[in-house]
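# Observations on the model geometry
Now for the letters of each chain:
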Amino acid sequence: GYYERHIKKTNEIYAERRAALIHALTMAFGKNIKLIASQTGTNLIVSFQASTTGARLDCETRLDCAPMNCAKLAEAARKHRITMVALNDFCKDDEHRNEYLVSFGHLSAAQISERVSALAQELLAQELQPKLATSLHPLLTTSESCITR
């Protein structure tokens, strides 16, 4: 009896965490990810269909982008303490390019939501920063010339 109750309880906890991860990823990355979801366990395989290259924030505050920069993603995930392993590191061919094994069993639903949101915001900021600087350059040049007069 005890063991069965324990298994049922842990299955419920992990199902809640899995749902939180799926929700957070969907809200952050929208249609740019494909979830290769398993119904059990503490890991989820996520395929990033797009990248932070050319990212923009759409009206639903999702990160829309074009091919994923794996190094940027891995670095940002590590920074935000998201355990994410590139499946391509373990395969000879490119069959699993942009696919990651994301571990969530050790995180609460709130931590999952916070960390995925922070990851998406950082990836967006990395992409928008150079574009913002480029778009502000003419304004800065104009204001500098006004100041020097």
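Note that the structure is a prediction, hence the values are computed from the model and not measured.

## Quick look at the sheet that holds strand β2 (residues 43-48)
Pairing is antiparallel in the open sheet, where 4 strands are placed in the order β1-β2-β6-β5. Every other strand in the sheet has two partners, leaving β1 (33-36) and β5 (83-86) as the edge strands with one partner each. Put simply, the sheet's adjacent strands are angled 30 degrees from each other on average, direction ignored. With 5 bridges connecting them, β2 and strand β6 (residues 99-103) associate as antiparallel partners. Of the residues in β6, the one forming a bridge with I45 is L101. Packing against the sheet, helix α1 (residues 2-29) makes contact with β1, β2 and β6, and its axis sits at approximately 165 degrees to β1.

## Things to note about helix α2 (residues 70-79)
Owing to its 3.6 residues per turn, the α-helix brings residues three or four apart onto one side. Residues L73, A76 and A77 constitute the buried set of α2. Seen along its axis, α2 keeps its buried residues to an arc of 100 degrees; they face one direction. Turned more than 90 degrees away from the buried face of α2, the exposed residues are A71, E75, R78 and K79.

## Some points on α1
For α1, which comprises 28 residues, the first-to-last C-alpha distance of 40 Å matches the rise-based estimate of 40 Å (1.5 Å per residue) to within 8%. Taken together, the buried positions of α1 are R18, A20, L21, A24, L25, A28 and F29.

## A word on unusual backbone geometry
In this structure, R81 takes a positive phi of about 55 degrees despite not being glycine. Take R81: it is sitting in the loop between α2 and β5. Classification of R81 by relative accessible area gives exposed; the value is 56%.

## Notes on the pairing of β6
For β6, a buried count of 4 out of 5 residues is recorded, marking the element as mostly surrounded by other parts of the structure. In terms of strand pairing, β5 meets β6 through 4 bridges, oriented antiparallel. Across the sheet, T83 pairs through a bridge with S103, a residue of β6.

## Re the packing of aromatic side chains
One pass over the full model with this rule turns up 2 aromatic pairs. Each ring, one from F29 and one from F48, has its centre 5.3 Å from the other, and the planes form 90 degrees; the classification is edge-to-face. Of this pair, F29 sits in helix α1 while F48 is found in strand β2, placing the two residues 19 residues apart along the sequence. By the burial criterion, F29 is buried, and F48 matches it. Here the aromatic rings of F48 and Y100 are separated by 5.7 Å at their centres, their planes lie at 80 degrees, and the arrangement is edge-to-face. With F48 in strand β2 and Y100 in strand β6, this pair connects stretches of sequence that are 52 residues apart. No difference in accessibility class separates F48 from Y100, as the two residues are buried. These aromatic residues form a ring-pair network of at least three members: F29, F48 and Y100.

## Structural notes on the pairing of β2
By the bridge criterion, 4 bridges tie β1 to β2 in an arrangement that is antiparallel. Residue pairing across strands places L35 opposite V46, the latter belonging to β2.

The rules behind the values
- Residues numbered from 1 in each chain as written.
- Predicted model: local features only at pLDDT ≥ 70, side-chain atom pairs only at ≥ 80, totals over all residues.
- Heavy atoms only, no water.
- Pairing = 2+ DSSP bridges.
- Helix = DSSP H or I, 4+ residues; strand = E, 2+ residues; numbered from the N terminus.
- Axes fitted to C-alpha atoms, helices over the stretch in contact; angles between N-to-C directions.
- Contact = heavy atoms within 4.5 Å.
- Buried < 20%, exposed > 50% of the residue type's maximum accessible area, 1.4 Å probe, protein only.
- Arc of directions from axis to C-beta.
- Expected span 1.5 Å × (residues − 1).
- Phe/Tyr/Trp six-rings, centres within 6.5 Å; stacked < 30°, edge-to-face > 60°.

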